[in-house]
Structures are given as C-alpha cells and as structure tokens.
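Each chain, letter by letter, is given below.
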Amino acid sequence: MVSATVVLAATAVTVLAFTGVGLLASRGRVDSVETYISARDSAGSGTLAATVIASMMGVWILFSPAEAGAAFGGLPAVLGYAIGSAIPLALFVPVGARIREVMPAGHSLTEFAYARFGTGMYVFVLGVSVFYMFVFLAAEMTGIAGALAFVAGVPHWQTALLVGGFVLLYTTYGGLLASIVTDTVQTLVILPLLAVGFAGALLSLGGAGELHAAAVSADPVLLDPAFGPGLEFGLYVAFALLGANMLNQGVWQRVYAADGERSLRRGMGLAAVVVVPMLVLSGLFGIAAAGLGLTESGSASIAFFLVLAEAFPAGVTLAVVVLAVLLVMSSADTMFNAIASVVTADLARVLDDPDERTLWLGGRGLTVAVALGAMFIGAQGYSVLQLFLTADLLAAGVFVPFLAGLYTERLTGPGAIVAGLAGLVVGFAYFPTLRGLLAAISGLGSALPAPSFLFAFAGATLVSAALTAVATALGNADADLEALGREVRSLDEPMADGGRER
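Residues numbered from 1 in each chain as written. Predicted model: local features only at pLDDT ≥ 70, side-chain atom pairs only at ≥ 80, totals over all residues. Heavy atoms only, no water.

(A) Up close: the packing of helix H7 (residues 119-152) against helix H8 (residues 156-204). Remark: H7 packs on H8, axes separated minimally by 8 Å, with the N-to-C direction vectors making an angle of 125°. Taken together, the axis directions place H7 and H8 in an arrangement best described as oblique. Both H7 and H8 take part in a crossing whose hand is right-handed. Contacts between H7 and H8 pair Met141, Ile144, Ala145, Gly146, Leu148 and Ala149 from the former with His156, Thr159, Ala160, Val163 and Gly164 from the latter. Split into classes, the residues belonging to the contact of H7 with H8 amount to seven nonpolar, four polar and no charged. (Axes fitted to C-alpha atoms, helices over the stretch in contact; angles between N-to-C directions. Helix = DSSP H or I, 4+ residues; strand = E, 2+ residues; numbered from the N terminus. Parallel < 35°, antiparallel > 145°, perpendicular 65-115°, else oblique. Left-handed = near helix turned anticlockwise from the far one by under 90°. Contact = heavy atoms within 4.5 Å. Nonpolar A, V, L, I, M, F, W, Y, C, P; charged D, E, K, R; others polar.)

This is how it looks when you write it as structure tokens:
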C-alpha cells in the first residue's frame, strides 16, 4: 500500500495545479455576474464536448459502472449504464436548441420553470434540482474519499476537505469560465489515463482470453448479454439517468455556453458518443473483479480499485489517484457553478432590485454552504450508487412535465405538478431503499407493492408522462412561449430580475 502521505501529496499537487489553471484562465475575464454564471456563447463544439464529458463523467464512473458489472448483472448492466448515460446527452441536441430558442437570455432551469409555469412548479423543480446537485456533490466526495481510503488509508474527511476546498476556491473566483477551461484540460488527461489503465490491467492479468475464462468459470451470466437481472438493471438505470440529466443545471449552463446551435449539436453529439466506451471500460473492471473472485467479501462498490490493486504494483496506483482526483474535480466544479447559477438567478428575481455585489455575495455564500454540507456527507462513506439512485428517482418523476412546457402552450402549472407528484408516488411505492420509511407509517406497509427498481423508475417516468399528456389535452394555459424570452433578462441590466417584468 502506498503511504497516506505520498497519496495526499499527489492529490495536493493535482488540485493545486488545476486550481492554478482555473484561476489564471478566468483572471480578468469575469467582469460581471452574467459572465460568471453563464459564459454565454464562449464554447465551440470541441470545447463544449470536452466540458460536457468532464463535467458529467465524475469519479462515480470508477465506482458505479464497475459495481453494476460485479454485482447487478454483468455485461448487460454495464451496457445499460453506458447507453443510458449517452441518451440524455443525445436528447440535449434538439432540447438544447429548443431551450435557446424559447429563452435565449436564460440562465437556469428554475428560471424557465417560474416563467413558464409559475411559483408552484418553480418550487417543485427547485427542490428536485438542488437536491440532485447536492447528492451528486456528496456522491463525488464520497467516491474520492473512498478511493483514497482504499488505496492508502487516507481519512475520508481529509480527502473531502482537500479536494472540495480547492475546487470551491477556483469556482467561486472564476465561475463557469474557470470550469470550462479546467474541464477541457482534464478531459485530455482523463481519456488517455482510463484507456491506458484498462489496457495495462488487461495485460498484467493475462490478457482478454484468461479474464474471459475466469469470468465464465466464476459465473457464466457475467458475460451473458441476455441475463435478465442485468437487462432489468440496465433499463432502470437508463430511466434514472435520463431524468437526472435532463434536470441537471450543469448541462443547462453548457447549452447557453455553446457559441451557436451548430456547436451545440456537434458538442453534445460527440459527448454522447465518447461516454459510451468510457463507461464500458469502467464497467468491465467490475466484471473482471467478479471473475477473479475479488468481490466475494461484499466489496463490489470498489471493484475498479480491487482490479488495479491486483494488476499493478503500489506505485502505479498514484496514476489512478490522479485520475480519480481529476474526475471528481471536473464534476464538482460543475455542480458548484450550477448551484451558484440557480441561486444567483433566483436572488435576482426575489430580491428588490439587487445590485451586482448582492448577487455575487449571495450566490457564492449559499454555494459555499451547500458545498460544506456535501463534503460532510462525502466523509461518511455511503454507497455512491445508492446516493445517485435516490436523487435520480426524484428527477425521473418530474422531468417529463417540466420539458413538456418547452413544446406545448396548453399545459398548466398545476397540471405539471400533479403529473410530477403522481409519478413520484408510484416511484416511492416501489423504490426498495425507501420502503423502510414508508412501511413505518401505520397501515401503509401492507399496501405497498413488491419492491422493484425497474418499476420505481419506469413507473415514475411513464405515469408522469401519461398524466402530462392528459393534462395537456385538458389544459387551457394558453402560455405564450414566444414571450418567455422577453420575461428573462440579462443579469447585467439595471432592472434585471431573472423572471417576470415588474
């Protein structure tokens, strides 16, 4: 095992280097609140693809896909994870263009929810999106803390504080511009490290043939593409990831950061293609770990690192530490900026004619508070996959009525809320990890259906979609979608309020 001092030193060097990149890249360029939270029209297709890949593919890709391959269904579970991650990015090609058309001066998804549906849906979407971003951050901190604890026995709190603190430093200074620049550099480092790490592990463990034989011998279903539980896992993860990413403020920010519709389409499309092999490679580590008998003690959540420990000498794990740190930095800065943009845009709407200083301090202060909470949760060592699934369920029930507002004028705010709440009720009823809370309610436990992640996620999505269609058919909102763009202003304008005109 590498010493904790060496690993902490490598982590410190990595975070300091990229903190420097972020600070230098944004120095003198962030001259307004508007630039800080939107970086509007600043990213070409290549830069957009790089920042989307880096921001969406956090350190969780070293945990969740590998855990899925080792414990939740082998190859079909891994493929489901990979394809499910690509679908929302591909969907953002047309949806992103529609967002820019309907609300060209927008900043956040909550801003759209308020302008399109009113206060009720705004509060609903705000709660779900902020909770998702908080859990995403907590899961990232949990992942990196767990990785360094396994590799070198580093205490969880030291890792969470070191990594989270420095990412917070350059994001509160440089905003989205700093995030985009560091994301681009991180992507250029992450992709080769992941590919070389997989190839090296494959050779060190005897090649593809030997690993295939070991997996088949240990459990033939690991490589069976038709394995039922694996297909079920892949299907419900696809539902989970679709909802979560469509309500991910980090992606909405990057929709506005694209320097045109052509860059948006190319950037999102390229990102959707690249994430598939990334997640497949990570997931194959989990299958290899199960085939080699490394996960028999219930350690599937760290399957990726178990294989690396088996394949490489301790010194090589420093490269993995760098990879993990880069992954968590690239996604954590996205969430910090996403929270700041939501908070800042909402403060501009709810406060009485705030000046830029108030928006700066309010957005940054509340972001720091959320970040500290996420670091605390990350130091507790919870399951990364379980954290994500809980947040994903909320998004699965809400995203369909929310996005429907981009395309139909008939859907009312109450109709969208009812559709979302109904989806969540179905999801909660089936969701295995929440059943203990629901069953504690007198008389409710016996009425709950059999637990199922698939029915929870698919049910939440499909029920909300069906009720959205009904609410649209019966609705009479007569919303003027063309007017939404006039109701959301630049935050640099003297009377900017982020919402409706006074």
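(B) Quick peek at the nonpolar core. Membership of the largest hydrophobic core comes to 150 residues, with the highest contact counts inside it found for Leu62, Phe402 and Phe457. Beyond its immediate chain neighbours, meaning those up to four positions away, Phe457 contacts Tyr236, Phe239, Ala240, Leu389, Asp392, Leu393, Ala396 and Phe431. In terms of nonpolar packing, the next biggest core, distinct from the first, is built from nine residues, Tyr36, Ile37, Leu176 and Ala340 among them. (Core = buried A, V, L, I, M, F, W, Y, C linked by side-chain atoms within 4.5 Å. Buried < 20%, exposed > 50% of the residue type's maximum accessible area, 1.4 Å probe, protein only.)

(C) How the structure looks around a nonpolar patch on the surface. A surface patch of nonpolar side chains, about 370 Å² in accessible area, is lined by Val418, Leu467, Val470 and Leu474. Its place among the elements puts Leu467 in helix H19 (residues 453-474). In this structure Leu467 comes out as partly exposed when scored by relative accessible area, which is 32%. (Patch = residues over 30% accessible without salt bridge, like charges linked within 9 Å, V, L, I, M, F, W, Y side chains within 5 Å. Areas by Shrake-Rupley, 256 points an atom, 1.4 Å probe, with all protein chains shown as cover. Salt bridge = Lys/Arg side-chain N within 4 Å of Asp/Glu carboxyl O.)

(D) Spatial organisation of unusual backbone geometry. Non-glycine residue Asp41 carries a positive phi angle of around 55°. Inspection of the secondary structure puts Asp41 in the loop between helix H2 (33-38) and helix H3 (45-56). The class of Asp41 is partly exposed, set by a relative accessible area of 43%.

(E) Looking closely at the packing of aromatic side chains. If you walk through the whole model with that rule in mind, you get 15 aromatic pairs. Their ring planes at 35° and their centres at 5.1 Å tell us that Phe72 and Phe233 sit as a pair that is tilted. Here Phe72, found in the loop between helix H4 (64-71) and helix H5 (74-102), pairs with Phe233, found in helix H10 (residues 228-246); they are 161 residues apart in sequence, far enough to count as distant. The interplanar angle of 5° and the centroid separation of 5.9 Å between the aromatic rings of Tyr236 and Phe457 together place this pair among those described as stacked. Residue Tyr236 is located in helix H10, and its partner Phe457 is located in helix H19; the two are separated by 221 residues in the primary sequence. Judged by its relative accessible area of 0%, Phe457 is buried. Clustering of aromatic rings is evident, with ring pairs tying together Phe72, Tyr81, Phe233, Tyr236, Phe431, Phe453 and Phe457. The cationic tip of Arg40 hangs over the ring face of Tyr256; the distance from NZ or CZ to the ring centre is 5.2 Å. (Phe/Tyr/Trp six-rings, centres within 6.5 Å; stacked < 30°, edge-to-face > 60°. Lys NZ or Arg CZ within 6 Å of the ring centre and 35° of its normal.)

(F) Region of the structure containing helix H1 (residues 4-26). Here H1 is 23 residues long and its end C-alpha atoms lie 33 Å apart, about the 33 Å a rise of 1.5 Å per residue gives. When we look at burial in H1, the residues that qualify are Val7, Ala10, Thr11, Thr14, Val15, Phe18, Thr19, Gly22, Ala25 and Ser26. Looking one or two residues past H1, Gly28 carries a phi angle of roughly 80°, positive in sign. (Expected span 1.5 Å × (residues − 1).)

(G) Molecular detail of the packing of H3 against helix H12 (residues 261-291). In the contact formed by H3 and H12, the axes pass within 8 Å of each other and the chain directions differ by 40°. Considering their axes alone, H3 and H12 lie oblique with respect to each other. Where H3 crosses over H12, the handedness of that crossing is right-handed. From H3, Ser45, Leu48, Ala49, Val52 and Ile53 reach across to H12, where they touch Ser263, Leu264, Arg266, Gly267, Met268, Leu270, Ala271, Val274 and Met278.

(H) Broad picture of the environment of Val255. By secondary structure assignment, the location of Val255 is in helix H11 (residues 249-257). Between the alpha carbons of Val255 and Met268 there is a distance of 8.9 Å; along the sequence they are 13 residues apart. Excluding residues that lie within four positions of it along the chain, Val255 makes contacts with Phe92, Gly96, Ile99, Arg100, Leu264 and Met268.

(I) Expanded view of the environment of Ser26. Structurally, the position occupied by Ser26 is in helix H1. The buried category is assigned to Ser26, whose relative accessible area is 2%. Separated by 151 residues in the primary sequence, Ser26 and Leu177 place their C-alpha atoms 6.0 Å from one another. Polar contacts involving the side chain of Ser26 include one to the main-chain carbonyl oxygen of Gly22, which spans 2.8 Å. (Polar contact = N/O pair within 3.5 Å; in protein donor to acceptor, adjacent residues only side chain to side chain.)

(J) Examining the side chain of Thr468 more closely. Structurally, Thr468 is set in helix H19. For Thr468, the side chain forms a polar contact with the main-chain oxygen of Ser464, separated by 2.6 Å. With residues up to four places along the chain from it excluded, the contact list for Thr468 reads Val400, Pro401, Ala404, Leu411 and Ala419.

(K) Main features of the pattern of salt bridges. On inspection of all chains with the given rule, the structure shows four salt bridges. Measuring nitrogen to oxygen at the nearest pair gives 3.3 Å for the salt bridge that ties Arg100 to Asp41. One end of the pair, Arg100, is in helix H5; the other, Asp41, is in the loop between H2 and H3, and 59 residues separate them in sequence.

(L) Region of interest: the confidence of the model for the protein chain. Confidence in the prediction for the protein chain averages 81 pLDDT; 86% of positions are at 70 or higher. Confidence, expressed as mean pLDDT per element, reaches its minimum in the protein chain at helix H18 (residues 435-439) with 65 and its maximum at H19 with 93. When the criterion is pLDDT under 50, residues 493-502 qualifies, and its contacts beyond four places in sequence or with other chains add up to 29 contacts. (pLDDT = per-residue confidence, 0-100.)

(M) Main features of a negative patch on the surface. Taken together, the side chains of Glu409, Asp478, Asp480 and Glu482 define an acidic patch exposed on the protein surface. Structurally, Asp478 can be placed in the loop between H19 and helix H20 (481-487). (Lys, Arg positive; Asp, Glu negative; His and termini not counted. Charge placed at Lys NZ, Arg CZ, Asp CG, Glu CD.)

(N) Expanded view of the environment of Ala319. By the secondary structure assignment, Ala319 is in helix H14 (residues 317-350). In this structure the C-alpha to C-alpha distance between Ala319 and Leu193, which are 126 residues apart in sequence, comes to 7.8 Å.

(O) Representation of the side chain of Thr171 in the model. Within the secondary structure, Thr171 is located in helix H8. At 3.2 Å, the side chain of Thr171 forms a polar contact with the backbone oxygen of Leu168. Non-local contacts of Thr171, meaning those with residues more than four positions away in its chain, are made with Tyr36, Asp333, Phe336 and Asn337.

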